[in-house]
Amino acid sequence: MTEELGMFRYYFERKFRLVFFLALSMMGLNQLSWSSGLPNTLSKIKPSILGVGTYQPTRRPPSRFLGTGFVVGDGSYVVTNAHVVNVELDSNNRERLAVFAGSGKATRMYQASISIIDRNHDLAILKISRKFPALTLSSGAEVREGEVYAFTGFPIGSVLGLYPVTHRGMIASITPMAIPSPSSAGLNARKIRRLREPITTYQLDAISYPGNSGSPLYNMETGEVIGILNQVYVKSTKEDILSSPSGISYAIPIEYLNILLKRLLKKDSN
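Residues numbered from 1 in each chain as written. Predicted model: local features only at pLDDT ≥ 70, side-chain atom pairs only at ≥ 80, totals over all residues. Heavy atoms only, no water.

Peer 1: Can you walk me through the overall build of the chain in this structure?
Peer 2: Broken down by element type, the chain carries three helices and 12 strands. Across the 270 residues that make up the chain, the buried fraction comes to 40%. In the chain, of all internal contacts separated by at least 6 residues, the share reaching a separation of at least 24 is 68%. Put simply, the chain shows about 15,500 Å² of open surface, and 56% of that area lies on carbon and sulfur atoms. (Helix = DSSP H or I, 4+ residues; strand = E, 2+ residues; numbered from the N terminus. Buried < 20%, exposed > 50% of the residue type's maximum accessible area, 1.4 Å probe, protein only. Contact = heavy atoms within 4.5 Å. Areas by Shrake-Rupley, 256 points an atom, 1.4 Å probe, with all protein chains shown as cover.)

Have a look at this one:
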């Protein structure tokens, strides 16, 4: 009986060790997949990530950074957030919208104009004269909670020059953007419309910053864009976001951009 128990324990422990090491191996393979796939994807998409801002030749410095954008379509269109380009330009002093391409100090400015804007979904598409590699857009139908994606942009702007930064985050929730107000005093026409027709948004368990607005949220293996970063949850003041980030960010699902692009193509064809 003792020998039988000993043999049983031997085979059980051997089987347990095998299962345990197989599980570790699978975890390692998943991590390896992330670590090997993302660098290859980054090398392809980084030329499509641009800074968005304004340029005024008489200003010092002449460039003003506002947010991030990425190239779509035929390579001459740049997607960003509507709130990023919601600025009053000083036309008397030749201030104009611009995108900034390149890295570090080797950046170049290209004049831009707004082709179409969707303030309800916080999206804007800019037109530039130069063509860059365009990113591939997903249909968005396959996105699920719990999946992990990456986003690339300029979280602290051009303080040190334009250096794209990549973060990774999980889709923590697919939720309506409208949040019910605790009282009628906090309601206005826009909030009421949002409550009646809520906009779906992706909540991420990732740290992002105001400069990330307009960054593409994409599949780490394929580079397909599934959303656009547009909000950061700020716990107290905007000044605190650098020293005490919340780790909660939001992205607009790609389906809204696909609809806007169709509107733009229809508009250009008329």
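Peer 1: Is there a simple way to think about the sheet that holds strand β5 (residues 106–118) in this case?
Peer 2: Backbone-to-backbone hydrogen bonds pair the strands of a sheet. The strands run either parallel or antiparallel. Spatially, the six strands close up into a barrel ordered β1-β2-β3-β6-β5-β4, and their pairing is antiparallel. Across the sheet, the axes of successive neighbouring strands diverge by a mean angle of 45°, strand direction being ignored. Taken together, the six bridges between strand β4 (residues 96–103) and β5 define a ladder with antiparallel strand orientation. Among the inter-strand pairings, G102 is bridged to a residue of β5, identified as T107. (Pairing = 2+ DSSP bridges. Axes fitted to C-alpha atoms, helices over the stretch in contact; angles between N-to-C directions.)

Peer 1: I'm lost on the confidence of the model for the chain in this one. Help?
Peer 2: Where the model shows low pLDDT, its predicted coordinates should not be examined in detail. For the chain, the average pLDDT comes to 81, and 72% of its residues sit at 70 or higher. In this model, residues 15–34 is a region of pLDDT below 50 whose contacts with residues beyond four sequence positions or in other chains number nine contacts. The low-confidence segment residues 234–242 (pLDDT under 50) makes 11 contacts with residues lying over four places distant or belonging to another chain. (pLDDT = per-residue confidence, 0-100.)

Peer 1: Is there a simple way to explain the packing of aromatic side chains in this structure?
Peer 2: Pairs of aromatic rings are described using the distance from one ring centre to the other and the angle between the two planes. Across all of its chains, the model carries two aromatic pairs by this definition. With a centroid separation of 6.2 Å and an interplanar angle of 85°, the aromatic rings of F65 and F154 are classed as edge-to-face. Note that F65 is positioned in strand β2 (residues 63–72) and F154 in the loop between β7 (148–153) and β8 (165–176), a separation of 89 residues in sequence. Here F65 and F154 have matching classes, each one buried. When the ring of Y110 is compared with that of F132, the centres are 5.6 Å apart and the planes differ by 80°; the resulting orientation is edge-to-face. With Y110 in strand β5 and F132 in the loop between β6 (123–128) and β7, the pair connects residues that are 22 residues apart, well separated along the chain. (Phe/Tyr/Trp six-rings, centres within 6.5 Å; stacked < 30°, edge-to-face > 60°.)

Peer 1: What should I look at first to understand the environment of S129 in this one?
Peer 2: Mapped onto the elements of the fold, S129 is located in the loop between β6 and β7. For S129, a relative accessible area of 71% corresponds to the exposed category. In the structure, S129 is positioned 54 residues away from G75 in sequence and 9.5 Å away in space, judged by C-alpha atoms.

Peer 1: Mind showing me how you'd approach the environment of T136 here?
Peer 2: Within the element layout of this structure, T136 appears in the loop between β6 and β7. For T136, a relative accessible area of 47% puts it in the partly exposed group. Separated by 86 residues in the primary sequence, T136 and T222 have C-alpha atoms spaced 8.9 Å apart. Ignoring anything within four residues of it in the chain, the contact list for T136 reads G223, E224 and V225.

Peer 1: Whenever I open this one, helix α3 (residues 254–269) confuses me. Can you help?
Peer 2: For an α-helix, 3.6 residues make a turn, and residues three or four places apart therefore share a direction. Between the first and last C-alpha of α3 there are 23 Å, a value that for 16 residues agrees with the 22 Å anticipated at 1.5 Å per step. Of the positions making up α3, those classed as buried are I254, Y256, L257, L260, L261 and L264. What you see down the axis of α3 is that its buried residues fit within an arc of 145°, all on one side. Opposite the packed face of α3, turned more than 90 degrees from it, sit the exposed residues K262, L265, K266 and S269. (Expected span 1.5 Å × (residues − 1). Arc of directions from axis to C-beta.)

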